[in-house]
Amino acid sequence: MASEGAYSGLKVLDLGQGVAAPYCAMLLAMHGAEVVKLEPLDGDWSRGLGTRWGEHTAMSAHYNRGKRSLALDLKTPAGREVAAALAAGADIVIEGFRPGVAARLGLGYAALSGRDPRLLYLSVSGFGQEGLYAQLPCTDSVAQAFSGLMSVNLGNDGAPHRVGAIIVDTLTGLYAAQALGVALYARERTGRGRHIKVSLAQCAAAILGHKLAEHLLEGGAPRALNVPTGAYRTSDGWVMVALVREEQFARLAGALGRPDLAQDPRFADFAARAAHAEALCTTVAELFLGDTTQAWLDRLRAADILSDRVNGFDDWLADPHVVATGGAVAVDQPGMGQFRTPRTPGIDAAAEAALWPAPGIGEHSRMVLAELGLAAAEIARLAAEGVIR
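Remember, it's a predicted structure, so these values are computed and weren't measured experimentally.

### Let's talk about the overall build of the chain
Argument step 1. Counting its secondary structure elements, the chain contains 18 helices and 13 strands.
Argument step 2. By the burial criterion, 44% of the 389 residues in the chain qualify as buried.
Argument step 3. Within the chain, contacts between residues separated by at least 24 positions form 67% of all contacts whose residues are at least 6 apart in sequence.
Argument step 4. When the accessible area of the chain is evaluated, it comes to approximately 19100 Å², of which 56% is carbon and sulfur surface.
Argument step 5. When the 35 basic and 41 acidic side-chain charges of the chain are each reduced to a single mean position, those positions are 5 Å apart.

Shown next, in the form of structure tokens:
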């Protein structure tokens, strides 16, 4: 947890698992909030998704930094009593259960806000709290499919592909943290909290606004925006080229050694190039095969063309710009060793580096319960009965 920040002193109870809700809670911790992660006795399910080092996978270690862990059995009355007491002392409660589950546990918004009208309560779900699909399971991949994101991410095989990162969960965490920031500001003015609801399905759709508008306005068949934008294979790698202004095509043609392409009426403007995309992209692809990535970048950048090599992670970490700007921070995680992670935009690198490593399962159970006012004997009884770990 960052020792200073805009949210210093703010108490957050994180009931989420996976990525979306925990990522939101971690962002609050980066700004100084005190976050208690309440997880099952066998841990957040993200601890088992991927290669495991001790009690962590890369996923759980990355998205739970800056938190303390209380492992608690919510199926027991005593466990629910402890959780309710923690929620009663929190400024923010974050939950990621299926709709209705939190209420059945006595941890729903209605029950908790009835005791504290200033409470900010965040519900993260797959398809939302209401509607036909509210009870259906949903993951990042399902949300990519449902929202239409995969339909605009076609491969060379013509098939829809999911983005190969947990992008929807991450975006959901970002949308949630933004909504909580606004709600906190409003609470300072009105003295009242609120129930914030975000879903993976809606967050995935939210980033596709202009694509949906294109689809509707152009009768379901929008033209390509900026042909020949795309990734092209070189003799030793790949290069990405993008055009956003008409005059850039002539410069690209010159850099490719084919200024005549800019004089071809088939390629006169964006609309014409879209109509003859296959012919143009085939020609451009053949040209790029004739030299190395670096040689092409030298020519493209000399012509002021939007371009870059397609990096792998090792390439990105070693890139001199990333190194010079502190684009990655080091995380020392007990049991895993050190790994590097991209710095969170808008947050000071030193504040992020100062975050506690992700906790072990129930690592802080006794500490959190003692702060809640439970005596050592009561904590020992809960442990003996299997209510806490």
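There's plenty left to go through after this.
### Considerations on the packing of aromatic side chains
Argument step 1. Applying the stated criterion to the full structure yields 7 aromatic pairs.
Argument step 2. An angle of 85° between the planes, with centres 5.5 Å apart, marks the rings of Tyr 23 and Tyr 63 as edge-to-face. Pair noted here: Tyr 23 is in helix α1 (residues 20-30) and Tyr 63 is in helix α2 (residues 58-63), with a separation of 40 residues, a long-range link.
Argument step 3. Given the relative accessible area of 9%, Tyr 23 is considered buried.
Argument step 4. A residue is classified by how much of its surface remains accessible, and Tyr 63, at 12% relative accessible area, is buried.
Argument step 5. Seen from their ring centres, Phe 288 and Trp 296 are 5.0 Å apart, and the 65° between their planes marks the pair as edge-to-face. With respect to class, Phe 288 is no different from Trp 296; both count as buried.
Argument step 6. Site record: aromatic cluster; members linked through ring pairs are Phe 127, Tyr 133 and Phe 146.
Argument step 7. Of note, Arg 273 hangs over the ring of Phe 249, and the distance from its end group to the ring centre comes to 4.4 Å.

### Considering the environment of Asn 64
Argument step 1. Examined against the element boundaries, Asn 64 turns out to sit in the loop between α2 and β5 (67-71).
Argument step 2. Distance from Asn 64 to Gly 32, taken between C-alpha atoms, is 14 Å for residues 32 residues apart in sequence.
Argument step 3. Residues contacting Asn 64, with those up to four places away along its chain left out, are Asp 14, Pro 22, Met 26, Lys 37, Asp 44, Ser 46, Ala 358 and Pro 359.
Argument step 4. Among the polar contacts listed, one links the side chain of Asn 64 to the backbone oxygen of Ser 60, at a separation of 3.0 Å.
Argument step 5. In this structure the side chain of Asn 64 is engaged in a polar contact, spanning 2.9 Å, whose partner is the side chain of Lys 67.

Cut-offs used in this document
Residues numbered from 1 in each chain as written. Predicted model: local features only at pLDDT ≥ 70, side-chain atom pairs only at ≥ 80, totals over all residues. Heavy atoms only, no water. Helix = DSSP H or I, 4+ residues; strand = E, 2+ residues; numbered from the N terminus. Buried < 20%, exposed > 50% of the residue type's maximum accessible area, 1.4 Å probe, protein only. Contact = heavy atoms within 4.5 Å. Areas by Shrake-Rupley, 256 points an atom, 1.4 Å probe, with all protein chains shown as cover. Lys, Arg positive; Asp, Glu negative; His and termini not counted. Charge placed at Lys NZ, Arg CZ, Asp CG, Glu CD. Phe/Tyr/Trp six-rings, centres within 6.5 Å; stacked < 30°, edge-to-face > 60°. Lys NZ or Arg CZ within 6 Å of the ring centre and 35° of its normal. Polar contact = N/O pair within 3.5 Å; in protein donor to acceptor, adjacent residues only side chain to side chain.

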